[in-house]
Each structure stands twice: as C-alpha cells, then as structure tokens.
Amino acid sequence: MEKTNNKKRYGVLAVVLVALLAAGVGTWAWLSAQEKLDNVFTVGSIDAPENKPSPVDPEQPGTDNNDSHARLFETKWIENSKMVPGATVDKNPNVGIKAGSDDAYVFIYVKNAIVKSGTSLDKTPYFTIKNTNWKPVEGEFTTNQSDNSGTQYVSGLFMYSKNSAGATLPAKLEANKAQQDVYTDELFTAVTIPSDMNSTDVVETTVDPKQAPTMTVSAYIFGAGQNGTEQGENADAQNALNQAKDWAKTQA
C-alpha cells in the first residue's frame, strides 16, 4: 500500500510541474512586444526662380530667363556707373525664389564702401527704401547725418516685412504653395550721390588697385520652420532675425 501511495504522489507532482512550466511559457509570450519608428527625413530647398523679376512689376516674374540661377537681382544696374554729385544711379536689389521652395525669411545687407574711411555721412551716397515691403532692422543700420527724416540709408541690415504683424520682425516670403516664382520687390531703386561729395572723398583705386568705390548688396535667405531656441508665437521669425544679425556681422 505504501508503494502505491508514493507512485500517486509522484504522479501528482509531475502533473503540477508540467502545469507550472506551461504557465511559464505562456507568461513569457504575453509580456513580449516589438516596436520601431521609421522616420524619413527630407532636405529643404530654396531654389532659384526660372525668370528674372519683371521690370514693370518687380514682385512678379518677368520674361527674361534666369540663366545664372541667381536669387538676388539688380535688373537696372549698369556696370561702372558714373557718379555725379547731386544725381542718382540706378540700383534695384530684389530677391526671388522658385515656386515650391520652402517659405523663407529674406534679409539684405548693404555695405557702402564708396568713400574713404572717415568721410562724413552727409557726403556719403545713400538710398531710400522703396515701399513697405522692407524695413530696416532696429539698431543695425546707418543713415545720412543731414537727413532729418531718418530715411536716407547709407548701409545696414534690412528685412522683408510685407504684411508683417509686427514692425520689429520679418515676414515670410511664401513660396511653398505659390503658383509661380515669388519676389520680395526692390529694397530701393537708386543710389543718390550727395551734392557735397567730391572726387577727393571717393576711394582711390590708384592707391590700391584691388580697392574700388563699391556698394555691396548681399542677400540672406533663411528657411522658415526653424524655431531654434526661441519660444512663443513668433519664435520662427525671431530665430530668423537672430541668425540674420549674426550673418550681417560677417558682411560688415
């Protein structure tokens, strides 16, 4: 009788062990899981427009092909234009980007190196902003000293601001959903030569052949959607402005 009871107990133990093993296998299956995120990145683009801006309506494409694939245009500038005191010289910087490109914030920096260092500002060539599409960046520009209106600009950083809600921030040049290439319109249309300026004020190329009286216009096009470290509703525009100010320092 004793042996029989032992066999029964062994049999019971065996069944219990099998049941525990089965439960262990099932628990492992219930707690296992696999998951992954496959993120695809795309490269942003700010492509050059197909055509140069229209000379009649500088916010619209013209008929001349943009063979040089430029984004910064001066359709009225004539190389080696003569400076005559009291007269103006045609110069009309305008920035364009191709339809379908990323929306962007656009800035222009003007470096004026026409006259010698130390020449008074009232004897330095200047320009006036064409319209409300552009604004000077606060604290980043110089005006003619004899101009009480403060609108005769000698040099500095300027931002595209058409339809901008705040006067201190740039506006987007919206190209992504545009049906045709987009342009900022001209920052200015001419440079005025002050009546008081004379030939002795102008940079002398005979002293340094590499130096010439120049006004350099540079464009900075910053893709929208890069808030950076900025926070809040205007973070995108503020970040673009911060980046443009840093860039301008390299152009001065």
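Quantities reported herein were computed from a predicted structural model and do not represent experimental measurements.

## Quick look at the environment of Ala99
Along the chain, Ala99 turns up in the loop between strand 5 (93–97) and strand 6 (104–113). For the pair Ala99 and Lys177, spaced 78 residues apart in sequence, the C-alpha separation works out to 7.1 Å. Ignoring sequence-local partners within four residues, the contact set of Ala99 consists of Ala175, Ala178, Gln179, Gln180 and Asp181.

## What about the confidence of the model for the chain?
The pLDDT averaged across the chain works out to 87; a share of 84% of its residues lies at or above 70. Averaged pLDDT values for the elements of the chain fall to 49 in helix 1 (residues 2–30) and rise to 98 in strand 10 (residues 182–183).

## Some details on the packing of aromatic side chains
This structure, assessed with the given rule, holds 11 aromatic pairs. Three or more aromatic residues joined by ring pairs make a cluster, and in this case those are Phe107, Tyr109, Tyr220, Phe222 and Trp247. Seen from the ring of Trp77, Lys91 lies directly overhead, with NZ or CZ sitting 5.0 Å from the centre.

## Quick notes on the pattern of salt bridges
Enumeration over the complete set of coordinates arrives at seven salt bridges. A salt bridge links Asp201 to Lys123, with the shortest nitrogen-to-oxygen separation between them at 3.2 Å. Residue Asp201 is found in the loop between strand 11 (190–192) and strand 12 (214–223), and its partner Lys123 is found in the loop between strand 6 and strand 7 (134–143); the two are separated by 78 residues along the sequence. Accessibility expressed as a relative area gives 9% for Asp201, which makes it buried. Its relative accessible area of 21% is what places Lys123 among the partly exposed residues. With a closest N to O distance of 3.0 Å, Glu186 and Lys130 form a salt bridge. Here Lys130 lies in the loop between strand 6 and strand 7 and Glu186 lies in the loop between strand 10 and strand 11, a separation of 56 residues in the sequence. Judged by its relative accessible area of 36%, Lys130 is partly exposed.

## What about unusual backbone geometry?
With the exception of glycine, most residues fall at negative phi, and the peptide bonds are largely trans. In this structure, His69 is a non-glycine residue whose phi angle is positive, near 55°. The topology assignment puts His69 in the loop between strand 2 (61–65) and strand 3 (72–74).

## Re the environment of Lys177
Residue position: Lys177 is located in the loop between strand 9 (172–173) and strand 10. Judged by its relative accessible area of 75%, Lys177 falls in the exposed class. The spatial distance from the C-alpha of Lys177 to the C-alpha of Gly100 is 6.0 Å, given a sequence separation of 77 residues.

Calculation notes
Here, residues in each chain are numbered from 1, in the same order as that chain's written sequence. Local features in this predicted model are restricted to residues whose pLDDT is 70 or higher, and side-chain atom pairs enter the listing and the counts only when it is 80 or higher, whereas totals over whole chains, interfaces and linings include all residues. The side-chain values count all of the structure's non-hydrogen atoms but skip hydrogen atoms and water molecules. Think of it this way: any DSSP run of H or I at least four residues long counts as a helix, any run of E at least two long counts as a strand, and we number them from the N terminus. Contacts are residue-level and defined by heavy atoms, with any inter-residue pair within 4.5 Å sufficient. The quantity called pLDDT is the predictor's confidence in a given residue, expressed from 0 to 100. Stacked, tilted and edge-to-face are the three classes applied to pairs of Phe, Tyr and Trp rings, where Trp contributes its six-membered ring and a pair requires centres within 6.5 Å; stacked means planes under 30 degrees apart, edge-to-face means over 60, and tilted covers the rest. We count a charge as sitting over a ring when the NZ of a lysine or the CZ of an arginine lies within 6 Å of the ring centre and within 35 degrees of the ring normal. Note on definitions: salt bridges are taken to be side-chain nitrogens of Lys or Arg within 4 Å of carboxyl oxygens of Asp or Glu. Only protein chains enter the accessibility calculation, which uses a 1.4 Å probe; a residue whose area is less than 20% of its type maximum is buried, one above 50% is exposed, and one in between is partly exposed.

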